Amino acid sequence: MKIMEIAIKDLTRSFRSLFAVGMTIVAPLLLIGLIFLAFGGAFNGASDLPAISVGIYNADILTDTSILVEPLGANIRSMFVDESVQSWITATDFSSEMSLRSALDRREIGVAILIPVDFSERFLAGNRDTQVLILSDHTLTIAPQVAQNMVTAMLDGVSGGGIAIETILERQKIQGVQPGPEQITSLIDRYSAWYRDFQRDLFHNPESAALMMVAPTGETSSENPIQQMLGLMMAGQMVFFAFFTGAYSMMSILEENEEGTLARMFTLPMSRTTILTGKFLAVFLMLVVQGIVLLIAAHFIFNIQWGDPKMIVLALLGQVVAAAGLGVLLISFVKTSRQAGPVMGGVLTALGMLGGLFTANMNMPEAFNRLAAFTPQGWVVRGWKIVLSGQPASDLLLPLLVMLVIGVVMFVIGAFRFQRRFA
Amino acid sequence: MNAIEVKNLKKSFGSFQAVKGVDIIAQQGEILSLLGPNGAGKSTTISMLSGLIAPSDGDAFIMGYSVTDQPKSAKEKLGVVPQDIALYPDLSARENLLFWGKMYDLRGSDLKQRVDEVLEMIGLTERQKDRVGKFSGGMKRRVNIAAALMHKPDVVIMDEPTVGIDPQSRRHILDNVKELNRQGMTVLYTTHYMEEAAELSDHIAIMDQGKIIAFGTHDELIKMVGEQTRIDLTFNAEVEAIIPAWKEIEGVSGIDASDGKVTALVDDSNQALPRLLEVAAQGGVRILSVDIKEPNLESVFLHLTGRALRD
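In this text the structure is predicted, and so the values were computed from the model without any measurement.

Trainee: Run through the overall build of chain A, naming residues and quoting values.
Mentor: Looking only at helices and strands, one finds 17 helices and four strands in chain A. Across chain A, the fraction of contacts at a sequence separation of at least 24, relative to all contacts at a separation of at least 6, is 75%.

Trainee: Summarise the sheet that holds strand 4 (residues 57–62) of chain B; cite the residues concerned and give the values.
Mentor: Residues and elements named next belong to chain B. On the basis of which strands lie adjacent, the open sheet formed by four strands has the order 2-1-4-5 and antiparallel pairing. Since the sheet does not close on itself, it has two edges, and those belong to strand 2 (16–27) and strand 5 (65–66), each with one partner. Of the pairings in the sheet, the one linking strand 1 (residues 2–13) to strand 2 comprises nine bridges and is antiparallel in character. The residue bridging N2 from the neighbouring strand is Q27, located in strand 2.

Trainee: Which residues make up the interface of chain B and chain A, and what values do they have?
Mentor: In this complex, chain B contributes 19 residues to the contact, which on the side of chain A involves 15 residues. Looking at the side of chain B that touches chain A, the elements with two or more residues in it are helix 2 (71–76) and helix 3 (93–103) of chain B. Counted by class, the side of chain B that touches chain A contains 11 nonpolar, two polar and six charged residues.

Trainee: Tell me about the nonpolar core, and name the residues and values.
Mentor: By size, the foremost hydrophobic cluster in this structure holds 161 residues, and its most contacted members are V239(A), A247(A), V156(B), I157(B) and L188(B). The element that contributes the greatest number of residues to this core is helix 9 (residues 225–250) of chain A, accounting for 15 residues. Membership of the second largest hydrophobic core comes to 27 residues, among which are I52(A), F80(A), A112(A) and V158(A).

Trainee: I'd like to hear about the sheet that holds strand 2 (residues 89–93) of chain A, residue by residue, with values.
Mentor: Remark on secondary structure: sheet strands pair via backbone hydrogen bonds, oriented parallel or antiparallel. Residue and element names in this part refer to chain A. Strand order in the open sheet made by the four strands is 2-1-3-4, with mixed pairing throughout. Two strands close off the open sheet at either side, each with one partner strand: strand 2 and strand 4 (133–136). Adjacent strand axes in the sheet meet at a mean angle of 20 degrees when their direction is disregarded. Across four bridges, the pairing between strand 3 (residues 111–115) and strand 4 is antiparallel. By the bridge assignment for strand 4, L114 is matched with L133.

Trainee: Give a detailed account of the pairing of strand 3 (residues 31–35) of chain B, specifying residues and quantitative values.
Mentor: Residue and element names in this part refer to chain B. Judged by how many residues are buried, strand 3 sits mostly within the fold: five of five residues are covered. The alternating pattern of strand 3 places I31, S33 and L35 on one face and L32 and L34 on the opposite face, and all of these are buried. Sheet topology places strand 3 next to strand 8 (residues 186–191); five bridges connect them, and they run parallel. Note on strand 8: the bridge partner recorded for I31 is V187. Of the pairings in the sheet, the one linking strand 3 to strand 9 (residues 203–208) comprises four bridges and is parallel in character. The residue of strand 9 that forms the bridge with L35 is I206.

Trainee: Could you give me a rundown of the packing of helix 13 (residues 309–332) of chain A against helix 16 (residues 376–388) of chain A, with the residues and numbers involved?
Mentor: Residue and element names in this part refer to chain A. Remark: helix 13 packs on helix 16, axes separated minimally by 10 Å, with the N-to-C direction vectors making an angle of 170 degrees. As judged from the angle between their axes, helix 13 and helix 16 are roughly antiparallel. Listed contacts from helix 16 to M311, I312, A315, G318, Q319, A322 and L326 of helix 13 are P376, V380, G383, W384 and V387. Of the residues that constitute the contact of helix 13 with helix 16, the class distribution is nine nonpolar, three polar and no charged.

Trainee: Any details on the environment of N75(A)? Residues and values, ideally.
Mentor: All names here are of chain A. Residue position: N75 is located in helix 3 (residues 72–81). Among the residues examined, N75 registers 22 C-beta atoms within 10 Å and is labelled buried. Sequence-distant contacts of N75, defined by excluding residues within four places in its chain, comprise E70 and M154.

Trainee: Please provide a residue-by-residue account of helix 10 (residues 252–259) of chain A, values included.
Mentor: Residue and element names in this part refer to chain A. Looking only at helix 10, the buried set comprises S252, I253 and E256. Looking straight down helix 10, one finds its buried side chains confined to an arc of 100 degrees; they lie on one side. Taken from the residues just after helix 10, G260 is the one with a positive phi, measuring 90 degrees.

About the cut-offs
- Residues numbered from 1 in each chain as written.
- Chains lettered and ligands numbered in written order.
- Predicted model: local features only at pLDDT ≥ 70, side-chain atom pairs only at ≥ 80, totals over all residues.
- Helix = DSSP H or I, 4+ residues; strand = E, 2+ residues; numbered from the N terminus.
- Contact = placed C-beta atoms within 7 Å.
- Pairing = 2+ DSSP bridges.
- Nonpolar A, V, L, I, M, F, W, Y, C, P; charged D, E, K, R; others polar.
- Core = buried A, V, L, I, M, F, W, Y, C linked by C-beta atoms within 7 Å.
- Buried ≥ 20, exposed ≤ 12 C-beta atoms within 10 Å, placed from the backbone.
- Axes fitted to C-alpha atoms, helices over the stretch in contact; angles between N-to-C directions.
- Parallel < 35°, antiparallel > 145°, perpendicular 65-115°, else oblique.
- Arc of directions from axis to C-beta.

Shown next, in the form of structure tokens:
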């Protein structure tokens, strides 16, 4: 009972401190809020980018002798008018190059795609002079890049297809088989159909694509990439501030030592273990409260879909144990609350960076990921990535186990040091 | 039964012996003052009594319970008022008292009633909802005392509770101590203000350099000085060089000097004063003031140690 009373008193004091509330709850939400607003987020959760307005003039036609069934220009155009991209690309056909350029000048469109007359034939013939011209409003940055990437991906696929067909023909030639024109046309058609489906799946249905995306592929996150990015960033910030909160809460033992209230408690009819346990419990409770508040707030404010509730509980448990353990251990090495500030700031920021908390939404080099495995923060954020991506619970077991073991070991060492200091 | 019994209590910090075998007895219901200059070992002694630090040797008993072998039972009988304010500044006076009451296992209506009683006693009922951090030094001192009284202890240890506060708050605290005593509590009161010790105490233990150098009632201690008179002199310059000459004067039994102020303990002020002034004149210093006083605890300390008990 006394343990709980000590913990409740510590929590009361923490929540009366503007600094503590700011660093525990407000700062992480504020940081993500700024990013959310920067991406045009709205409080109803519809935080999509504004649609890209694309104009297309396709002059590409096939000659009578072409081996293609459909010109490449038509394939390029179909990518931009496909119904699967209509939520973020608005494509308009133009009848002439002049009308296309005029529309761009009047800013009726953001990106103009100009496909020349004999593009298919010249491209397949390996003519390097031929090109799809992409013009854009000079104030735009993302939209032209998106259009360029889509066209490049399409043409890379065609080139790849050409190489594949040449390889097949060479192989058949070695085997003494001479394919007829129908066979070649059939191969091209099959490849074109496969590549079109592949591209479509890769963009819009990645779980069924032959090439699996490594980035989070959960049902919800794949529907909204900004939400997915915000989720990862929020997880990174939540973990960073959780570790800060763990250390800050434990710092109250140094403050009580300086205020004289710890000594006063030692004159009471209870053991020092009871007093220290109360202080430790306060750290755990503070971390639990912080985690729950941030998870709920991020869900309702930024529409972040955290995933399976059971997985969330497990990840939060790991986070609380790891953050409390490091907090207790870190503060056990510090003598005064004045020392604690710089030590906490320095150590936790360094570990946070190494743990990948500030790059949670980026694909980092493998060496960096290996380095993150040496920090508790790295394992905690790894756990949240698994939860956010909707992976099965079995994937979370290893990170959770590591979090718990690291947390408990650090906690035991820290608690032992405190026991010895105040014995 | 003795409320407090201290037997050959010792404490060393490395090679430094802060308390060198202290023996004290306080009867139930009395106020015992522990008087001594700063650094005499008073706070170390009461830190051992209150279970904050372990004795190097010896033992102490609170209401018969050993502080080393039965610390929990001893602490249940004890309320400790630390020298520094030991409260939570961001909690209100009432919240502070509720917390400390809970730490003494008080709960529910008993707790609330007790908080009301102690707030009434320290005169802060009206300010109970204000945060302690906003209080004046005197008000904080009063809450500091109240927190130690939540469980109605048999013995209260107060470590210099009036340091650095205004006269009005000091008066209030001294009255509180007397009231507690009237309610039957035994009080161990440490101070270096001899006036407080003289006003409050049934017995006084004078401590210096880790030892009890005198113990008795106020009158018993004054008698140790005999019929001697204390003379306070102020000069216009440092007088350290003249002290040996003053000590040679017949009838001067103790002398202490610093910053041009001199305290002398003499058998007969009529005979000694002219000689003191004569020696001062020969030493080249000019007298600024003379004050002749009846013997008091200051005189006792001077008599016993040859030094003044200064604030």
